[in-house]
Amino acid sequence: MTMHLRGVVLPDGEPRDLWVVNGRVRTQPVPGAQTVVDGGFLVPGLVDAHCHVGLGPQGGVELPEAVEQALTDRATGTLLIRDCGSPIDTTPLQERLDLPRIIRAGRHIAKPKRYLPHIGVEIESDLPAAVAEQVAIGDGWVKLVGDWIDRGAGDLAPLWTDDELEAAVKVAHAAGAKVTAHVFGEDALPGLINAGIDCIEHGTGLTDDTIALMAARGTALVPTLINIETFPGIADKAGKYPVYANHMRDLHARVATTVSKAVEAGVPVYAGTDAGGGIQHGRIVDEIAALHRVGMSATDAIGAASWHARAWLGFPSLVEGAAADIVVYDEDPRTNLDVLRSPRMIMLRGRVY
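Residues numbered from 1 in each chain as written. Predicted model: local features only at pLDDT ≥ 70, side-chain atom pairs only at ≥ 80, totals over all residues. Heavy atoms only, no water.

(A) Region of interest: the overall build of the protein chain. Check the secondary structure of the protein chain and you find 13 helices and 20 strands. For 353 residues, the compact-globule estimate of 2.2 N^0.38 gives 20 Å, and the protein chain sits close to it at 20 Å. Taking the principal axes of the C-alpha coordinates as reference, the protein chain spans close to 70 × 40 × 35 Å. Within the protein chain, the fraction of its 353 residues that count as buried is 57%. Intrachain contacts of the protein chain at a sequence separation of at least 6 include 65% that bridge at least 24 residues. Only carbon and sulfur atoms are counted for the fraction: they give 50% of the accessible area of the protein chain, which is about 13900 Å². Charged side chains in the protein chain number 31 positive and 45 negative. The centres of these two groups are separated by 3 Å. (Helix = DSSP H or I, 4+ residues; strand = E, 2+ residues; numbered from the N terminus. Rg over C-alpha atoms; globule rule 2.2 N^0.38 Å. Buried < 20%, exposed > 50% of the residue type's maximum accessible area, 1.4 Å probe, protein only. Contact = heavy atoms within 4.5 Å. Areas by Shrake-Rupley, 256 points an atom, 1.4 Å probe, with all protein chains shown as cover. Lys, Arg positive; Asp, Glu negative; His and termini not counted. Charge placed at Lys NZ, Arg CZ, Asp CG, Glu CD.)

(B) Geometry of the nonpolar core. Of all hydrophobic cores here, the largest spans 80 residues; its most connected members are Ile109, Leu127, Val131 and Leu144. For this core, the element with the highest residue contribution is helix α11 (residues 284-293), accounting for 5 residues. Among the nonpolar cores identified, the runner-up in size contains 14 residues, and Leu18, Val37, Leu318 and Ile326 belong to it. (Core = buried A, V, L, I, M, F, W, Y, C linked by side-chain atoms within 4.5 Å.)

(C) Highlighting the layout of surface pockets. Of the pockets and cavities examined, the largest pocket occupies roughly 880 Å³. Surrounding the largest pocket, 34 residues form its lining, Leu116, Trp148, Thr230, Ile234 and Gly278 being those nearest its centre. Among the secondary structure elements, those contributing two or more residues to the lining of the largest pocket are β6 (55-56), β13 (147-150) and α8 (231-236). Counting residues per element, the lining of the largest pocket draws most heavily on α8, which supplies 3 residues. Tallied by class, the residues present in the lining of the largest pocket amount to 15 nonpolar, 15 polar and 4 charged. (1 Å grid on protein atoms, 1.4 Å probe; cavity = no way out; pocket = protein on both sides within 12 Å on 5 of 7 lines; lining within 4 Å. Points joined across faces, edges and corners; volume = space filled by probe spheres on them. Nonpolar A, V, L, I, M, F, W, Y, C, P; charged D, E, K, R; others polar.)

(D) Representation of the sheet that holds strand β19 (residues 345-348). Strands sit in the order β3-β2-β1-β4-β18-β19-β20 across an open sheet of 7 strands; the sheet is mixed. Edge positions in the sheet fall to β3 (24-26) and β20 (351-352), since each of these pairs with one other strand and no more. Note: β19 against β20, 2 bridges, orientation antiparallel. In the strand pairing of β20, Met347 is matched with Val352. (Pairing = 2+ DSSP bridges.)

(E) A look at the packing of helix α6 (residues 208-217) against helix α10 (residues 255-265). For the pair α6 and α10, interaxial distance at closest approach is 9 Å and the crossing angle is 35°. Read as a crossing pair, α6 and α10 show a hand that is right-handed. In contact with Asp208, Ile211 and Ala215 of α6, α10 contributes Thr258, Lys261, Ala262 and Ala265. (Axes fitted to C-alpha atoms, helices over the stretch in contact; angles between N-to-C directions. Left-handed = near helix turned anticlockwise from the far one by under 90°.)

(F) View of the packing of helix α3 (residues 127-137) against helix α4 (residues 162-174). In the contact formed by α3 and α4, the axes pass within 8 Å of each other and the chain directions differ by 25°. As judged from the angle between their axes, α3 and α4 are roughly parallel. Here α3 runs over α4; the crossing is right-handed. Residues Leu127, Pro128, Val131, Ala132 and Val135 of α3 form the contact with α4, whose own contacting residues are Glu164, Leu165, Ala167, Ala168, Val171 and Ala172. (Parallel < 35°, antiparallel > 145°, perpendicular 65-115°, else oblique.)

(G) View of the packing of aromatic side chains. In the structure shown here, the tally under the stated rule is 5 aromatic pairs. With a centroid separation of 4.8 Å and 65° between ring planes, the pair formed by Tyr115 and Trp148 is classed as edge-to-face. With Tyr115 in the loop between β10 (109-110) and β11 (121-122) and Trp148 in strand β13, the pair connects residues that are 33 residues apart, well separated along the chain. Looking at Trp148, the relative accessible area reads 14%, which means it is buried. Here Tyr270 and Trp312 contribute two aromatic rings whose centre-to-centre distance is 4.2 Å and whose plane-to-plane angle is 10°, an arrangement assigned as stacked. Here the residue Tyr270 occupies a position in the loop between α10 and α11, and Trp312 occupies one in helix α13 (residues 307-312), the gap between them amounting to 42 residues. The burial state of Tyr270 is the same as that of Trp312; both residues are buried. An aromatic cluster of three or more residues is present, and its members are Tyr115, Trp148, Phe184 and Phe231. (Phe/Tyr/Trp six-rings, centres within 6.5 Å; stacked < 30°, edge-to-face > 60°.)

(H) Examining α10 more closely. Those residues of α10 lying buried are Val255, Thr258, Val259, Ser260 and Ala262. On its buried side, α10 packs onto α6, β17 (220-222), α7 (225-228) and α9 (242-253). Phi turns positive one or two residues past the end of α10, at Gly266, with a value near 90°.

(I) View of the side chain of Arg74. Note on placement: Arg74 falls in helix α1 (residues 63-75). Within the buried set, Arg74 has no salt-bridge partner at all; the shortest N-O distance to an opposite charge, 4.5 Å, is to Asp98. At a separation of 2.8 Å, a polar atom in the side chain of Arg74 contacts the main-chain carbonyl oxygen of Asp98. Once residues within four sequence positions are removed from consideration, Arg74 is found in contact with Leu79, Asp98, Pro100, Ile346, Leu348 and Tyr353. (Salt bridge = Lys/Arg side-chain N within 4 Å of Asp/Glu carboxyl O. Polar contact = N/O pair within 3.5 Å; in protein donor to acceptor, adjacent residues only side chain to side chain.)

(J) Seen up close, the environment of Thr2. Tracing the backbone shows Thr2 in the segment before β1 (3-9). For the pair formed by Thr2 and Ala245, sequence separation is 243 residues and the distance between their alpha carbons is 57 Å. Once residues lying within four places of it in the same chain are set aside, the contact partners of Thr2 are Val20, Val21, Val30, Ala33 and Gln34.

Here it is in structure tokens:
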């Protein structure tokens, strides 16, 4: 069926008509199209830029549960997911037209006992070789564990040397892939950024110097603010490691200032929930609201989970020939972010849900 939609299209904010033919947006009239939307606000499909489809609290889940996770995200208007590491192969989900598009990063790369168990690939050495393996099975992204608690030191510490990072990033870039890293603390950041990494996940340990370095290099940040809310609880369970516990509480206490400074400095910031494991799926609107609270305008916070994130990941918004991934709202979400919680219509690949 050829469809016609009329409404205010974001981000330009102008009333427009769109047509959908074979799952693609058309901007010129198509005779015989059925009008399915007449009025309201049309937003390019939402993006969760840090999500873990296939991961549960105990590790990897079976594919049917992974499907339910993806459907939960779709119900909130999340139609594009950058999966930041999954312990299971979710390629079968990519074949389903009813599920959000998933950009996979393969599995986390960590050292033994330096990350959550049963999730990542654990290696003692030869990080570049491990990166090459994950490039081969992912969709253009590789996920490193940049820091984690070192139980001998009793605090967060980097996993890799600067030389290892530089060599690993070169391997990924030579293969056309990008690299991102989980980082909580301060010490791992200079080495990762100077190595040419493309994105930092969480980034709670950013300082004025590393923020300036990210801004100069164009390194992206996905702060996962709703996940950072769990830091006090993590600290409460870390009684054997008081330095680490206090560090986590401090990172939590200053995260709003940290992310606000990154935004002000011009660091590209995108919305990601870290769903999977301890964070429930379907919370992208909570993350958008959190970005707004730390200083992003409402429009930019939506963009961080829509048009800006789509462009970053290589997916155009509502232009001629783009995929018809559209969320329709009755009211303007730029004036009230809670509007995002009640989409009137969700269209994925030109199909209405």
